[in-house]
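# Topology and contacts: notes
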Amino acid sequence: MRRLYREARHECGEYLEVDVFKVFEHQRGRSKKRKPTSEVQKKLNQTNAEKKLARLLCTNFTSRDIRFDLTYNSEHLPESPEDAQRQMQNFIRRVKRFRKKQGLPELKYVAVTEVGEQTGRIHHHIVMSGGVSITDLAELWGDRGYTTAKPLQFNSTGLIGIAVYFVKNPILGKRWCASKNLSKPGESQRDGVISERKVKKIFENQGEDDGLFEKLYPEYTLSEINTYYNDVNGGYYLTVIMRKKPVKGSRKKGRK
């Protein structure tokens, strides 16, 4: 049985995520699989949700877009999580109508509804298209509660911080909702380019790769490598985050 390492690539705007993991070229017979414990599976699901959302955000939004938070005052507390979801969707519809009247592009958004750990109050977080003033957005929310807005700030790994925050405490069993006009990250894969010896060396060096990935992807700069060892199948796992190099001679636009 020959062991190969696969690169599963996700192109997300200015960012590239490469997951490197072991696959088997040939496998004879059937081996009994060990199921991960519920706690391990829960953590894995959480990590996958964070990575999926981070990819989606980096693919569809730039520093010209915003994060908008919505709260409720005591006079307008939603009766239930379902009621809160309905009010949030009504707000989204009002924003869409406003943008259409202003001749702005169709709204893109990703939204989460959660319950505050300290206050116990339901509130909303939305990453959404820019172009509408904070004052107008606040008026569209009305007297239900306070609003806050921040421009999106991208760092060397994109928007993973927002993604982690968004999926930490979902309600109604759904981590987030999103507009249907979002683009999906570009996906591709290849096997056998990176050897197990190289993957193991990166693991043992705690994510230091001696320039390997910048040689494989010269249009990108390495941001970070996260490593993991699977004691079930004896495989080394890498998650590589890279950021696209600015084009020489051109002024960078969009993300800052």
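Residues numbered from 1 in each chain as written. Predicted model: local features only at pLDDT ≥ 70, side-chain atom pairs only at ≥ 80, totals over all residues. Heavy atoms only, no water.

### Quick notes on the overall build of the chain
The helix and strand inventory of the chain stands at six helices and ten strands. Within the span of the chain, comprising 256 residues, buried residues form 41% of the whole. Across the chain, contacts joining residues at least 24 apart in sequence account for 71% of those joining residues at least 6 apart. When the accessible surface of the chain is summed, it comes to about 15600 Å², and 48% of that surface belongs to carbon and sulfur atoms. (Helix = DSSP H or I, 4+ residues; strand = E, 2+ residues; numbered from the N terminus. Buried < 20%, exposed > 50% of the residue type's maximum accessible area, 1.4 Å probe, protein only. Contact = heavy atoms within 4.5 Å. Areas by Shrake-Rupley, 256 points an atom, 1.4 Å probe, with all protein chains shown as cover.)

### Side note on the sheet that holds strand E9 (residues 220–230)
Strand order in the open sheet formed by five strands is E8-E1-E2-E10-E9, with antiparallel pairing between adjacent strands. The open sheet is flanked by strand E8 (186–191) and E9, the only strands paired with a single partner. Going across the sheet, the axis of each strand differs from the next one's by a mean of 20°, ignoring polarity. Inspection of the sheet shows strand E1 (residues 3–12) paired to strand E2 (residues 15–24) by ten bridges, in the antiparallel sense. Directly across from Ala-8, in E2, lies its bridge partner Asp-19. (Pairing = 2+ DSSP bridges. Axes fitted to C-alpha atoms, helices over the stretch in contact; angles between N-to-C directions.)

### What about the sheet that holds strand E5 (residues 122–128)?
Across the sheet, five strands lie side by side as E6-E3-E5-E4-E7; this open sheet has antiparallel pairing. Each edge of the open sheet is held by one strand with a lone partner, namely strand E6 (147–151) and strand E7 (177–178). As paired strands, strand E3 (residues 66–70) and E5 are joined by five bridges and run antiparallel to one another. Residue Asp-69 lies in a different strand from E5, and its bridge partner there is His-125.

### What to know about the packing of aromatic side chains
Within a pair of aromatic rings, the relevant descriptors are the distance that separates the centres and the angle that separates the planes. What the rule picks out here adds up to eight aromatic pairs. Judged by centre distance (5.3 Å) and plane angle (65°), the ring pair of Tyr-72 and Trp-141 falls under edge-to-face. Here Trp-141 lies in helix H3 (residues 134–141) and Tyr-72 lies in the loop between E3 and helix H2 (81–101), a separation of 69 residues in the sequence. With respect to burial, Tyr-72 and Trp-141 carry one shared label: buried. One aromatic cluster is present, built from ring pairs that chain together Phe-68, Tyr-72, Phe-91 and Trp-141. Between the NZ or CZ atom of Arg-144 and the centre of the ring of Trp-141, over which it lies, the distance is 5.5 Å. Above the plane of the ring of Tyr-165 lies Lys-168, whose end atom (NZ or CZ) is 3.5 Å from the centre. (Phe/Tyr/Trp six-rings, centres within 6.5 Å; stacked < 30°, edge-to-face > 60°. Lys NZ or Arg CZ within 6 Å of the ring centre and 35° of its normal.)

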